[in-house]
Amino acid sequence: MQRGLAPWLAPACILMLATTASQAREMRCDPQTSKIRVLYLGDAIVVRSPFPYLRMEPSFTAVPVTACTSHASLDFINKQMRYYMPRTSDRLKNNFDVIILSDANKDVFRPAEISWMTEAVTDSGLGIIMIGGAESYEGRGTVFPTWTTTTVAEVLPVEMQDHRYCDQAIRMVIVDREGEFGRSLPWETLGTKGVFGEGHITVLKQTSHLVAEGETFSYGRIPHLVWWDVGKGRGFSMTTDWTPSGGLMFMTWEYYGDFAINVVMLTAGRKLPEDLDVVYMIRRRSRQYWDIRLTLDSMVDIVDSFGGDFAAVTAAAMDCDGARAAADKLYFSGEYTSALEAYDFAIRLVNEKVDEARVLARRALFNVYLIEWAAVTGTFLLSGFALYTLMVRRKLYAEVRLTRLERA
């Protein structure tokens, strides 16, 4: 009996070990705020990207660094790298939890910086994500510098293939709907928006988890969404672009921002939300709050510029931020129903404060209009008096007889 069960025990043990390793992965976040700190390298700000969604996500802090030569000059990229790229390995490990390489050119990084990223994943538990832009993976068939020769290739869950690039449409096909990431999004709403313009041809590594394949016309099905645990960290690969270069249709998906947020959460080791409807409503409320909050910021500038009650508007902004911070805290703790109510309150409050700021701005502008009116009216009256005195009341001045020039 024992011999008959032996062939089944080995795969079962391997599966149990893999599951245990996945569940035992320590979550990476800021120890003080519990927020996931994201370093977005590549095309975060030079083109449309999911970076604004990451920046507005309450549980994230995100730093963009331009490293894509297709959309920015080398001078601009070098300045960005000097200002925002961590200067030491310790700064990278201690200040960030997830690294995103989205269309990032390998040659803009120093060799030491590439080694730091790899060590941060394997030794310090950071997550790393590579998105399939033209300058990612093998560099669009080696048109751009390839990542295959770097140590970053070792921490990604797919094997890059030099000189192999898919130059045709790719349709996303979800193959693991029961996994944590598969359950976190309503894939049935994707439809034709899950078609990408081009992508990279890769091969799965052992122990990697395949979430989605890319269906192509000439190359069959290729890996599309893949993740794995490596060392103390986690790697995630998306072999197509998520910016307009290849993912223009994907960006129109209603859950595009949620997709990017969930990818970061998964890579950081944070448990993905299961109450989809409530969580996605909370995220949309959070974005709505920030949209209105930007209006309040502009009102602060207007009031300050025209000498209004700056302190009152600033205090109103602080009240709104306090209400939003309370909602964020509930969101962090998983009290989603209470968090939704708290975000609704924060939105109502910021709307009220915007209306109050408009009143203060109108008062400040009224004083400006009054001063301008007084200045214009005074100038008009003075000019009229001078005109009347010189032209109308000419009789006050003695007339002289006509003279002519005579010879001496």
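None of the values given here were measured: they were computed from a predicted structure.

**Q** Just checking my understanding: could you explain the overall build of the protein chain for this structure?
**A** A count of helical and extended segments in the protein chain gives 13 helices and eleven strands. Here the protein chain holds 408 residues, and the buried ones make up 46% of them. Long-range pairs, those at least 24 residues apart, make up 72% of the contacts in the protein chain between residues at least 6 apart in sequence. Accessible surface, the protein chain: about 21500 Å² in total, of which carbon and sulfur atoms supply 57%.

**Q** What is the right way to look at the pattern of salt bridges in this model?
**A** When the charged atoms of two side chains with opposite charge come close together, those side chains can pair. Inspection of the entire model under this criterion finds 17 salt bridges. In this structure, the salt-bridge partner of Arg110 is Glu113, at a minimum N-O distance of 3.3 Å. Judged by relative accessible area, Glu113 falls into the buried class, the value being 3%.

**Q** What should I look at first to understand helix H5 (residues 111–124) in this one?
**A** An α-helical turn contains 3.6 residues, so any two residues separated by three or four positions project in the same direction. With 14 residues, H5 ought to run about 20 Å at 1.5 Å a step, and its terminal C-alpha atoms sit 19 Å apart, in line with that. Regarding H5, the residues found buried are Glu113, Ile114, Trp116, Met117, Thr118, Ala120 and Val121. Backbone geometry just after H5 places Gly125 at a positive phi near 80°.

**Q** Hey, could you run me through the environment of Arg91 in this one?
**A** With respect to the helices and strands, Arg91 occurs in helix H4 (residues 89–95). Note on Arg91: relative accessible area 47%, which makes it partly exposed. Aside from chain neighbours lying at most four places away, what touches Arg91 is Pro86 and Phe96.

**Q** Would you mind showing me how to read the sheet that holds strand S7 (residues 195–196) here?
**A** Sheet strands pair via backbone hydrogen bonds, and the direction of the pair is either parallel or antiparallel. Spatial ordering of the open sheet is given by S2-S1-S3-S4-S11-S10-S9-S6-S7, a layout of nine strands whose pairing is mixed. Among the strands making up the open sheet, the edge pair consists of strand S2 (60–66) and S7. In this sheet, S2 lies alongside strand S1 (residues 36–42) in parallel orientation, the contact comprising seven bridges. Within the sheet, the bridge partner assigned to Gly42 lies in S2 and is Thr66.

**Q** Looking at this structure, I do not really get the packing of aromatic side chains. What am I missing?
**A** Centre distance and the angle of the planes are the two values used to describe a pair of aromatic rings. Tallied over the entire structure, the rule returns 19 aromatic pairs. Ring geometry for Phe250 against Trp253: centres 5.8 Å apart, planes inclined by 35°, an arrangement best described as tilted. You can call Phe250 buried: its relative accessible area is 0%. Taking relative accessible area as the criterion, Trp253 reaches 3% and is therefore assigned buried.

**Q** I'm lost on unusual backbone geometry in this one. Help?
**A** If a residue is not glycine, its phi is most likely negative; likewise, a peptide bond is most likely trans. Unlike most non-glycine residues, Arg140 shows phi in positive territory, near 55°. Along the chain, Arg140 turns up in helix H6 (residues 139–142). For Arg140, a relative accessible area of 34% puts it in the partly exposed group. Phi at Thr142 takes a positive value of approximately 70°, unusual for a residue other than glycine. Of note, Thr142 is situated in helix H6.

**Q** Can you help me understand the pairing of strand S10 (residues 221–230) in this one?
**A** The side chains of a regular strand alternate between the sheet's two faces. Of all ten residues in S10, eight are buried; the element is thus mostly enclosed. Strand direction decides the pairing type here: strand S9 (residues 209–215) and S10, joined by six bridges, are antiparallel. For Ala212, the partnering residue across the bridge sits in S10 and is Leu225. Relative to strand S11 (residues 233–238), S10 is paired through six bridges, and the arrangement is antiparallel. Note that in S11 the partner of Asp229 across the bridge is Arg234. Taking the residues between adjacent antiparallel strands as the criterion, S10 and S11 are bridged by two residues, where Gly231 takes a positive phi near 60°.

**Q** Before we go on, may I ask you to explain helix H3 (residues 74–84) in this structure?
**A** If you check which residues of H3 are buried, you get Ile77, Gln80 and Met81. Projected down its long axis, H3 shows its buried positions confined to an angular sector of 95°, all on one face. Seen from the open side of H3, the exposed residues pointing more than 90 degrees away from its buried face are Asp75 and Tyr83. Buried-residue contacts for H3 involve S2 and H5.

**Q** Help me out: how do you make sense of the nonpolar core in this one?
**A** For soluble globular proteins, the rule of thumb is that nonpolar side chains tend to be buried together. In this structure, Ile100, Phe181, Trp187, Leu225 and Phe259 are the most contacted members of the largest nonpolar core, which totals 51 residues. In terms of residue count, the dominant contributor to this core is helix H10 (residues 256–268) (nine residues). Residue contacts for Trp187: discarding those within four places in its chain leaves Met172, Ile174, Arg177, Phe181, Gly182, Leu225, Trp253 and Phe259. Among the nonpolar cores identified, the runner-up in size contains 34 residues, and Leu41, Met81, Met117 and Val158 belong to it.

**Q** Please clarify how a nonpolar patch on the surface should be interpreted in this entry.
**A** On the surface, Phe366, Leu370 and Trp373 cluster together into a nonpolar patch covering about 380 Å² of accessible area. Looking at the secondary structure, you find Phe366 in helix H13 (residues 336–392).

**Q** Please clarify how the confidence of the model for the protein chain should be interpreted in this entry.
**A** Interpreting fine coordinate detail is not advised for predicted regions of low pLDDT. Taken over all residues, the pLDDT of the protein chain has a mean of 85, while the share at 70 or more is 87%. Below a pLDDT of 50 lies the segment residues 1–24, which in the model reaches four contacts outside its immediate sequence neighbourhood of four places, other chains included.

Scoring rules and cut-offs
Residues numbered from 1 in each chain as written. Predicted model: local features only at pLDDT ≥ 70, side-chain atom pairs only at ≥ 80, totals over all residues. Heavy atoms only, no water. Helix = DSSP H or I, 4+ residues; strand = E, 2+ residues; numbered from the N terminus. Buried < 20%, exposed > 50% of the residue type's maximum accessible area, 1.4 Å probe, protein only. Contact = heavy atoms within 4.5 Å. Areas by Shrake-Rupley, 256 points an atom, 1.4 Å probe, with all protein chains shown as cover. Salt bridge = Lys/Arg side-chain N within 4 Å of Asp/Glu carboxyl O. Expected span 1.5 Å × (residues − 1). Pairing = 2+ DSSP bridges. Phe/Tyr/Trp six-rings, centres within 6.5 Å; stacked < 30°, edge-to-face > 60°. Arc of directions from axis to C-beta. Core = buried A, V, L, I, M, F, W, Y, C linked by side-chain atoms within 4.5 Å. Patch = residues over 30% accessible without salt bridge, like charges linked within 9 Å, V, L, I, M, F, W, Y side chains within 5 Å. pLDDT = per-residue confidence, 0-100.

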